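Close look at the chain arrangement
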Amino acid sequence: MSTAAVPEFITSFLESKCPDVGPIGVDEDLVLTGVLNSMHFVELLYLIEAETNIEISLDQVTTDDFRTIANIRDRFFPEAA
C-alpha cells in the first residue's frame with residue numbers, strides 16, 4: 001500500500017501529535033502505538049468532517065475505522081485507495 005494514496009492532512013496531523021514516533025506506516029496500529037488517543041481521535045474526526053464536508057455520527061463509525069491510516073483512508077476516502 002502506498003502512502004501516496006493517503007490524504008496528506010491525515011499523516012501530517014498524526015505525525016504532529018506524536019513527533020517522537022517518526023514516520024507512521026499506513027498499516028501501523030495507531031491505538032496500540034499511542035499515536036491516536038481519545039483527544040486526537042476527536043480532532044481527527046473534525047478534520048475528516050471538514051475535508052469531506054460530511055457530518056460523521058459516532059454511531060456510523062467503529063474503532064476499526066481509525067485503527068490504521070489505511071483503514072481511515074479506505075473508510076473515508078475510498079477514491080484515494
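What counts, and at which threshold
- Residues numbered from 1 in each chain as written.
- Predicted model: local features only at pLDDT ≥ 70, side-chain atom pairs only at ≥ 80, totals over all residues.
- Heavy atoms only, no water.
- Helix = DSSP H or I, 4+ residues; strand = E, 2+ residues; numbered from the N terminus.
- Buried < 20%, exposed > 50% of the residue type's maximum accessible area, 1.4 Å probe, protein only.
- Contact = heavy atoms within 4.5 Å.
- Polar contact = N/O pair within 3.5 Å; in protein donor to acceptor, adjacent residues only side chain to side chain.
- Phe/Tyr/Trp six-rings, centres within 6.5 Å; stacked < 30°, edge-to-face > 60°.
- pLDDT = per-residue confidence, 0-100.
- Salt bridge = Lys/Arg side-chain N within 4 Å of Asp/Glu carboxyl O.

With that settled, consider the environment of Lys17. Structurally, Lys17 is set in helix α1 (residues 8-17). According to the relative accessible area criterion, Lys17 is partly exposed, its value standing at 31%. As for Lys17 and Glu43, which are separated by 26 residues in sequence, their C-alpha atoms are 10 Å apart. Those residues in contact with Lys17 that sit more than four places away from it in its chain are His40 and Glu43. Within the local environment of Lys17, its side chain forms a polar contact with the side chain of Glu43, the two groups lying 3.0 Å apart.

Looking now at the packing of aromatic side chains. Per the counting criterion, the structure on display carries three aromatic pairs. Arranged with centres 5.8 Å apart and planes meeting at 75°, the rings of Phe9 and Phe77 form a pair that is edge-to-face. On the criterion of sequence distance, the pair formed by Phe9 in helix α1 and Phe77 in the segment after α3 (69-76) is long-range, its members being 68 residues apart. Judged on exposure class, the residue Phe9 and its partner Phe77 are both buried.

Across the chain, the average pLDDT comes to 86, with 91% of residues at 70 or higher. Within the chain, the lowest mean pLDDT, 88, falls on α1, and the highest, 92, falls on α3.

This brings us to the pattern of salt bridges. For the structure shown, the criterion picks out four salt bridges. For Asp65, the salt bridge goes to Arg75, with nearest N and O atoms at 3.4 Å. Here Asp65 is found in the loop between α2 (38-52) and α3, whereas its partner Arg75 is found in helix α3, with ten residues between them in sequence. Note on Asp65: relative accessible area 13%, which makes it buried. Linking Asp74 and Arg73 is a salt bridge whose minimum nitrogen-to-oxygen distance equals 3.0 Å.

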